[in-house]
2 protein chains.
Amino acid sequence: MYMENSRAIVIEPGLPDPCAKCDARQHSMCNSLDERDMFRLAEIAGVQKFEPGQTIAEEGDSAAHFFNITAGTARLCKLLPDGRRQIIGFPTRGHFLGLAVTSTYGFSVEAITEVRLCKFSRAKLNRVISDFPELEAKLLQTAMHELVVAQEQMLLLGRKTARERLASFLISELTTQEACAAPKNHVHLPMTRSDIADYLGLTIETISRSFSRLKADKLISLDNATEVAILDRHKLTAIANGET
Amino acid sequence: MYMENSRAIVIEPGLPDPCAKCDARQHSMCNSLDERDMFRLAEIAGVQKFEPGQTIAEEGDSAAHFFNITAGTARLCKLLPDGRRQIIGFPTRGHFLGLAVTSTYGFSVEAITEVRLCKFSRAKLNRVISDFPELEAKLLQTAMHELVVAQEQMLLLGRKTARERLASFLISELTTQEACAAPKNHVHLPMTRSDIADYLGLTIETISRSFSRLKADKLISLDNATEVAILDRHKLTAIANGET
DNA sequence: CGTTATCTTGACGTACATCAAATGTCGTGG
DNA sequence: CCACGACATTTGATGTACGTCAAGATAACG
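Source: prediction; values computed, not measured. (Residues numbered from 1 in each chain as written. Chains lettered and ligands numbered in written order. Predicted model: local features only at pLDDT ≥ 70, side-chain atom pairs only at ≥ 80, totals over all residues. Heavy atoms only, no water.)

## Overview of the side chain of Glu136(B)
Phase 1: By the element assignment, Glu136(B) lies in helix H4 (residues 133–159).
Phase 2: No salt bridge is formed by the buried Glu136(B), whose closest oppositely charged neighbour, Arg122(B), lies at an N-O distance of 11 Å. (Helix = DSSP H or I, 4+ residues; strand = E, 2+ residues; numbered from the N terminus. Buried < 20%, exposed > 50% of the residue type's maximum accessible area, 1.4 Å probe, protein only. Lys, Arg positive; Asp, Glu negative; His and termini not counted. Salt bridge = Lys/Arg side-chain N within 4 Å of Asp/Glu carboxyl O.)

## Comments concerning helix H3 (residues 122–129) of chain B
Residue and element names in this part refer to chain B.
Phase 1: Every buried residue of H3 is listed here: Arg122, Leu125, Val128 and Ile129. Down the axis of H3, the smallest arc covering the buried residues is 130 degrees, so these residues share one side.
Phase 2: Of the residues flanking the start of H3, the one acting as N-cap is Ser121, its side-chain oxygen 3.4 Å from the backbone nitrogen of Ala123. (Arc of directions from axis to C-beta. Polar contact = N/O pair within 3.5 Å; in protein donor to acceptor, adjacent residues only side chain to side chain.)

## Some points on the relation of the copies chain B and chain A
Phase 1: Taken as rigid bodies, chain B and chain A are interconverted by a rotation of 180 degrees and an axial shift of 0.0 Å, the fit giving an RMSD of 0.0 Å. Taken together, the turn and the small shift mark the pair as related by a two-fold rotation axis.
Phase 2: Interface residue correspondence from chain B to chain A reaches 100%, placing this contact among same-surface, isologous pairings. (Least-squares fit on C-alpha atoms with pLDDT ≥ 70 in both. Contact = heavy atoms within 4.5 Å.)

## A closer look at the side chain of Lys78(A)
Phase 1: Take Lys78(A): it is sitting in strand E5 (residues 74–79).
Phase 2: Lys78(A) gets classed as buried once you look at its relative accessible area, which sits at 4%.
Phase 3: What Lys78(A) contacts, discounting residues up to four positions off in sequence, is Glu59(A), Arg84(A), Arg85(A), Gln86(A), Ile88(A), Gly106(A), Phe107(A), Gln151(B), Glu152(B) and Leu155(B).

## What about helix H8 (residues 233–240) of chain B?
All names here are of chain B.
Phase 1: Considered for burial, the residues of H8 that qualify are Leu236, Ala238, Ile239 and Ala240.
Phase 2: On its buried face, H8 is in contact with helix H5 (162–179), helix H7 (204–216), strand E11 (220–222) and strand E12 (227–230).
Phase 3: Phi turns positive, to about 70 degrees, at Gly242, one or two residues after H8.

## So, the sheet that holds strand E5 (residues 74–79) of chain B
All names here are of chain B.
Phase 1: As summarised here, the arrangement of the 4 strands in space is E3-E8-E5-E6, forming an open sheet in which the pairing is antiparallel. With partners counted over all chains shown, the strands left at the sheet margins are strand E3 (55–57) and strand E6 (85–89), one partner each. Between one strand axis and the next, the sheet turns through 35 degrees on average, direction left out of account.
Phase 2: Summarising the sheet, E5 and strand E8 (residues 108–111) pair through 4 bridges and their orientation is antiparallel. Within the sheet, the bridge partner assigned to Ala74 lies in E8 and is Ala111.
Phase 3: Across the face of the sheet, helix H6 (residues 193–200) comes into contact with E5 and E6 while running at roughly 85 degrees to E6. (Pairing = 2+ DSSP bridges. Axes fitted to C-alpha atoms, helices over the stretch in contact; angles between N-to-C directions.)

Read these as layout, nothing more, since geometry by itself doesn't imply function.
Printed below as a string of structure tokens:
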């Protein structure tokens, strides 16, 4: 279920320059900053790259940093002592991580694809943050949005059937992938069935069977396991919302 | 599963005076304000009282207000079209509600016991908030804490057994009730078995059976259904954390 | 005290988990 | 190019934790 990992390498010290060509900028908290503020923020940031399977942060470790993902997909994992795993989310470009008041990380962060991110020392960011009221407002907006998403996920985990969970997941992935591009009817899933299962509170077998049934019902089609075509978005949405 | 409700009555216009005697003050966001700011905030607030079963806000309604609960216990409910219900939380004194960027409420709020609260117009609060950076910082802290709690609940709903869920709930209730008082070994549960079931993603029967089994195992004892004595906190905590 | 809602307990059903095997899928090296 | 092994995914057979249905037991309330 888990992949081994070695340490990541800092590829360049944080400088305003990388920000200028950062294509996550307009999707992240940085979009609330003007150029002068970007410089101040970049001064305390470091850019890192992680290979698939590498651990970016470990649940329980001292929460020394915030992260801002600039490319790739990661997974946020919580574990029980016997190995049961719950995935909390699949952050991608633009997601800000470390939104926790606590002194230790409440989840592990692991790279699914190659992940690039911008890393901030918590102490430094806190010191700088008081100078940027817009940044604080932006973080509040982000946290509130995360909260709404988390509550929706609680409904899913507590009350939806396997079929409804998978439909919800596909529609949600489609929607977020559309946010960065034109409307489409195709979802790319960089995560494994095991990741999806642990995100939806199910097993890989149930995920696979649910995929097969959606396919048999002509609501989706699967070429390879990572590419899903949405054939009937309306019906799939209805299922996701428990309307059947 | 649901109780009828009529409309609540405003019992007094918001004034600095009620804040002075508000015993939720030190537990709420208001504790980050000095006296002058309290006056400004109180100017835009209204105090309300709700009877058990009354609806305080309805999922999907235009989110015109924020609430700050000053007394009593409420439940936050999300519903699926066929009536399946997920309870997101049981806010009590000091909890701030309406933490959502969206234009409509993402959940309904219903009074379990008699509930008193302080109500703020969203538009007015937003206008006032920019003058109180400490308030914004406080709201961010609150939102981040809620997020950590929500993530913990996702682990519970996705991966814990019925027994573990109930143990988690009891320990969590004990802990929060202790936060306002001395350490104790006794939990008061103002909510029904149905509420607990919908909070833990189970049925009332499973809740009842899990209570009975914890009782048979001498980890708790029940006088009436609403009073639980914690007999072995250590073992109960271990179960809650999935260590058995 | 009835009356009614809530809670508990028992008997049985089912959606999903578990166990097991077949079938891709993909990289590697002959 | 094909054979091979290591994995991920799918599919099938069976098990089980929890849900559903039903009946009592308690508690709340006029």
